[in-house]
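So the chains spell out like this:
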Amino acid sequence: MSDAAQPLSIRQSLAGRHVFLTGGSGFLGKVWLSMVLTHLPEVARIYVFLRPKALVPARQRFEKMINTSPAFRPLHERFGARLGEHLAQRVEVVEGELSAPDLGLRPELVRRLRRDLDVMIHCAGLVDFNPDLRKALGSNVDATTQIGDFVARCDHATLLHISTCYVAGGRHGQIDEALPGDTAPCGEQFPVEAELSDARAAVDAIVCAHDHEDERRLAREDVLADLAEQGRVEQHPRVVDTLVRKRQRERLKQALVDEGMRRAKRWGWPNTYTYTKSMAERLLARRADKLRFSVLRPSIVESALEFPFPGWNESFNGSAPLAYLMGTWFRMVPAKPDAPFDVIPVDLVCKAMTIATAALVAGRHQPVYHIGSSDRNRCTVGRAAELIVLAHRRHFRERHRSRQERVLKSRWDAVLVEPDALFGIKNNRAVVRAWQEALDLLPDKLRKKAEPLAQRAKEVDEGFAQIEMLVELYLPFMYECFYVFVSRALDTHPAQEPEFAYPLESLDWRKYWLDVHMPGLRRWAFPLIDGKRPERYRSEHPVRLSEASAARGDETSLHSEHPLRAVLSEV
Amino acid sequence: MTSDNPKAGVVFVRAEGVLLARGARSAAAYFAANAAGFSERALRLGHLALAAPVYEVLGQSDRVLANRLAYVALRNMSEDRIAELAQEYYENILRERVLEGGLELLRRARKEGKRVVLIADGLSQVMEPLVAQLRIVDDYVCNRLEVRDGKATGRLLPPVVGGHDSATWAARYAQEHGLTLSRCTAYLSHGPDLLLLSSVGQPCAVNPDYTLRRAARESRWPVMDYHV
């Protein structure tokens, strides 16, 4: 805690306040919502913004989320059958479109929010590392611009914008808690408005080019070649047309993905996600005179330390794919062991969000908050990798595992190597390709006999291709950059209430990775990578939105369903 | 957990040989065999193999150097791996090798109201779970690895357990608890324990090695053998 630090009462600051949350269905948003609903009954109203999805209205999505997401388990445990009543008093589910003017909200609601809203927490965003540029601009830039406009037009509302530490881009060393200036990570001037219109023009041009007859012809040629290779030449023309349209969509998406990555790399960002997030921050920073806001930048958000329960995780862009990879037979992971691996448990981020929200309301906020561990309790890439390996070892040595797992796989440690290491992914792929080429050179008779081998080689190559893509996405964070995110702003107003204490320094990484995070990933994230569905929560008292109040257009009313009714409806 | 009546005296017990059928070398070999990566494993095991004859010879006279040699095999191993492997080693190997005869000695001492103090060549990471599970040990002294930047340097922190210094340590311990060594008992099993055995009132050589057996015979100390 710094000398000037003055404790801040979270309860007092947020008592009677109206808070608007976007991204409430995401990993971070859900845990924050659950935490505030469980621990802060003083908050007067929380407007939970959800988009209708695949014809499912926001209200239904919210209901399903509350009833089935394990993130809300503490809420069910605390309120039981009274949860519906509790939510009805405090939550208003609203739907709209974030990238539309006034967020696509109903005019009546807009009027009410302009008068009552105290804080907007903008958690929504596209967190894929390499999304298509069109989507990334819509979700990460346009939505933030609209939200900035909306908050600026409110009577007294403030904005907490959730970003990421990695907007720093491909820089090295200490990254301060400051709003971005006019330069890009590559050191060149970055005219954000010009870049944004340029990016939009590029998107339009790509979309236009993919709608052209030539593109259709190329897609058709591709499809026909694939069908011929699979021995499925005689297909119905309609089937072929459908496949061509699908291939066109895929090619368009890939072109937009490539364009996003190209632009990001051109300016020095590792991926489209950080590039668009940084643009959003820069656009907000230009309105600092008219808008009261803070930017909260978490690092890699990982499994919960305590809330909603140890190990809860829904993040696919953190360490999950890497940790999964290190539990396979693939051993050589390109990384620099001494580089910081900045992970932070989701509940600590949510506590920080709550503290920053309270500070905004109290007018004691800082412009930027880094919520990371590299500055205050550093875990290096080498240590994280060692702990992942040890966690896999512990898992594979369990008594019920197969002999192969217990004896071999538990000892098959992944090791960190240089990207061009002898047994690295590139050389592995080269060997497989040489194998494929050697099989192609066989005489026809032998080649037919070697068909299973060729098939296996193809599968192995596809597997390696996926690993190579994953490794490339993670390389900036594990090999190319050495970031230390200064994380001191939160100390200027530490929470008075013990439940919002921020125990980062006392976090024992060994216990966290071995006993909390890796078991959490194994339970919640790895099944998704395996294409399985992770377990769901089944509340004893499912919350149902009142049909009557919904018909009246009152989106707030909720009630708890009698357990018997739930059973009967299932029957 | 402490004994009811510390004034009844202290029983010093050598862990390896009296209570455990496995020594420091076995633990070091387990750590080496489970180091990160195959080449590291080979190197560390090779080191231990080379050190084995020296360990055997030195073990009879001064185990400090022998222990130092054994634990050099852990140099540059991460603290996290050592902690995890220690837990594994305890659960999979050591727990099954606790000698019933040794346990009986400890229980009897506790029944007599004596403080039970364990002297172990083993590492703190291995001894901690053992002591926690036994619940009849009041105090213990064992070897501790020096760790820098999360990695073992391969050196042991003083006091290094295993040599003649255990007599000095035991005398200080007895003094701190208001006792003299002449009122204490010792169940020890190695050659370097001679000094401590000769300074306590009730010495007993348990499963002694060649050096200690000969000394015990000459000094007419009782000798117990239950080692399987």
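Residues numbered from 1 in each chain as written. Chains lettered and ligands numbered in written order. Predicted model: local features only at pLDDT ≥ 70, side-chain atom pairs only at ≥ 80, totals over all residues.

With respect to the overall build of chain A
Cut-off, in case you're wondering: Helix and strand definitions follow DSSP, with helices as H or I runs of at least four residues and strands as E runs of at least two, each counted in order from the N terminus. Atoms considered for the radius of gyration are the C-alpha atoms alone. The globule rule reads 2.2 Å times the number of residues to the power 0.38. Exposure is read from a count of other C-beta atoms within 10 Å of each residue's own; the residue is exposed at 12 or fewer, buried at 20 or more and partly exposed in between. C-beta atoms are placed from the backbone. This entry defines residue contacts through backbone-placed C-beta atoms, with two residues in contact when those atoms are within 7 Å.
When its secondary structure is counted, chain A shows 21 helices and 15 strands. Against the 2.2 N^0.38 benchmark of 25 Å for 571 residues, chain A shows a C-alpha radius of gyration of 25 Å, consistent with a compact globule. Taken along its principal axes, the extent of the C-alpha atoms in chain A is 80 × 65 × 55 Å. The 571 residues of chain A split such that 42% are buried. Within chain A, residue pairs in contact and separated by at least 24 positions form 82% of the contacts whose partners lie at least 6 positions apart.

Section: the overall build of chain B
Within chain B one finds 10 helices and seven strands. Relative to its length of 228 residues, chain B is compact, with a C-alpha radius of gyration of 17 Å against a globular reference of 17 Å. Taking the principal axes of its C-alpha atoms as reference, chain B extends roughly 50 × 35 × 30 Å. Excluding contacts between residues fewer than 6 apart, the proportion of contacts in chain B whose partners are at least 24 apart in sequence is 61%.

Overview of helix H4 (residues 63–71) of chain B
Residues and elements named next belong to chain B. When you tally the buried positions in H4, you get seven out of nine residues, the bulk of the element. Restricting attention to buried positions, one finds in H4 the residues Arg63, Val64, Ala66, Asn67, Leu69, Ala70 and Tyr71. Contacts from the buried residues of H4 go to helix H2 (24–33), helix H3 (38–58), strand E2 (115–123), strand E3 (139–148) and strand E4 (151–157).

Observations regarding the sheet that holds strand E3 (residues 91–95) of chain A
Where strands meet in a sheet, backbone hydrogen bonds hold them as pairs that are either parallel or antiparallel. All names here are of chain A. We apply this condition: When DSSP finds two or more bridges between two strands, those strands count as paired. For helices, the axis comes from a line fit to the C-alpha atoms of the stretch in contact; other axes are also lines fit to C-alpha atoms, and the angle between any two N-to-C directions lies between 0 and 180 degrees.
Reading across from one edge, E3-E2-E1-E4-E5-E7-E11 is the order of the seven strands in this open sheet, with parallel pairing throughout. Bordering the open sheet on either side are E3 and strand E11 (368–371), each of which pairs with just one other strand. The average angle at which neighbouring strand axes cross in this sheet is 20°, direction not considered. Across four bridges, the pairing between strand E5 (residues 158–162) and strand E7 (residues 293–298) is parallel.

So, the sheet that holds E4(B)
Judged by pairing direction, the sheet is mixed, and its seven strands sit side by side in the order E4-E3-E2-E1-E5-E6-E7 (chain B) without closing on themselves. Each having just a single partner strand, E4 and strand E7 (223–224) of chain B make up the two edges of the open sheet.

Some points on the packing of helix H14 (residues 381–396) of chain A against helix H19 (residues 509–529) of chain A
The packing of two helices is summarised by the inter-axis angle and the distance between the axes. Residue and element names in this part refer to chain A. Put simply, the rule reads: For classification purposes, an angle smaller than 35 degrees is called roughly parallel, one larger than 145 roughly antiparallel, one from 65 to 115 roughly perpendicular, and anything else oblique. Handedness of a crossing is defined here by the sense of rotation of the near helix relative to the far one, left-handed for an anticlockwise turn of less than a right angle and right-handed for a clockwise turn. When residue character is reported, Ala, Val, Leu, Ile, Met, Phe, Trp, Tyr, Cys and Pro are called nonpolar, Asp, Glu, Lys and Arg charged, and the others, Gly included, polar.
At a closest axis distance of 9 Å, the pairing of H14 and H19 adopts a crossing angle of 60°. Between H14 and H19, the interaxial angle falls into the category oblique. The two elements H14 and H19 meet at a crossing, and its hand is right-handed. Contact residues: H14 offers Arg383, Ala384, Leu387, Ile388, Leu390, Ala391, Arg394 and His395, while H19 offers Trp509, Arg510, Trp513, Leu514, Met518 and Arg522. Looking at the contact of H14 with H19, its residues break down into nine nonpolar, one polar and four charged.

Section: the interface of chain B and chain A
Every contact between the two is made by nine residues of chain B and, on the other side, nine residues of chain A. Classifying every residue of the side of chain B that touches chain A gives two nonpolar, four polar and three charged.

Things to note about the environment of B:Gly102
All names here are of chain B. Its location among the elements puts Gly102 in helix H6 (residues 100–111). Residue Gly102 is classed as buried on the basis of its C-beta count, with 25 C-beta atoms lying within 10 Å. For the pair Gly102 and Ala21, spaced 81 residues apart in sequence, the C-alpha separation works out to 10.0 Å. The contacts of Gly102, once residues within four sequence positions are left out, are Val18 and Leu19.

Concerning the packing of helix H5 (residues 79–92) of chain B against helix H7 (residues 124–134) of chain B
Residue and element names in this part refer to chain B. Orientation of H5 relative to H7, taken along the N-to-C sense of each, is 45°, at an axis distance of 8 Å. Between H5 and H7, the angle is such that the two are oblique. At the point where H5 passes H7, the crossing takes the right-handed sense. Here H5 contributes Ile82, Ala83, Ala86, Gln87, Tyr89 and Tyr90 to the contact with H7, which in turn contributes Gln125, Val126, Pro129 and Leu130.

With respect to the pairing of E3(A)
All names here are of chain A. Of all five residues in E3, five are buried, a share of seventy percent or more. Neither face of E3 is open: one carries Val91, Val93 and Glu95, the other Glu92 and Val94, and all of them are buried. Relative to E3, strand E2 (residues 45–50) runs parallel, the two being bridged by five bridges. Residue pairing for E3: Val48 is matched across the bridge by Val93.

Thoughts on the environment of A:Val471
You can see A:Val471 is positioned in helix H18 (residues 451–480). By C-beta crowding, A:Val471 is classed as buried, having 23 other C-beta atoms within 10 Å.

Side note on unusual backbone geometry
In the segment running from A:Phe307 into A:Pro308, the intervening peptide bond is cis, with an omega of 0°. Of note, the phi angle at B:Asn76 is positive, near 70°, even though the residue is not glycine. Within the element layout of this structure, B:Asn76 appears in the loop between H4 and H5. In this structure B:Asn76 comes out as exposed when scored by C-beta crowding, with 12 C-beta atoms within 10 Å. A positive phi angle is found at B:Arg220, which is not glycine, with a value near 60°. Along the polypeptide, B:Arg220 turns up in the loop between helix H10 (210–219) and E7.

A look at the environment of A:Gly125
Residue and element names in this part refer to chain A. Along the chain, the position of Gly125 falls in the loop between strand E4 (119–122) and helix H7 (133–153). Its 25 C-beta neighbours within 10 Å are what place Gly125 among the buried residues. Gly125 sits 98 residues away from Phe27 along the chain, and the two C-alpha atoms are 11 Å apart. In contact with Gly125, not counting residues within four places along its chain, are Gly23, Ser139, Asn140 and Lys277.

Describing the confidence of the model for chain A
Basically, it comes down to this: Residue-level confidence of the predictor is summarised by pLDDT, bounded by 0 at the bottom and 100 at the top.
Across chain A, the average pLDDT comes to 89, with 94% of residues at 70 or higher. Below pLDDT 50 for its whole length, residues 547–571 of chain A participates in 38 contacts with residues either more than four positions away or in separate chains.

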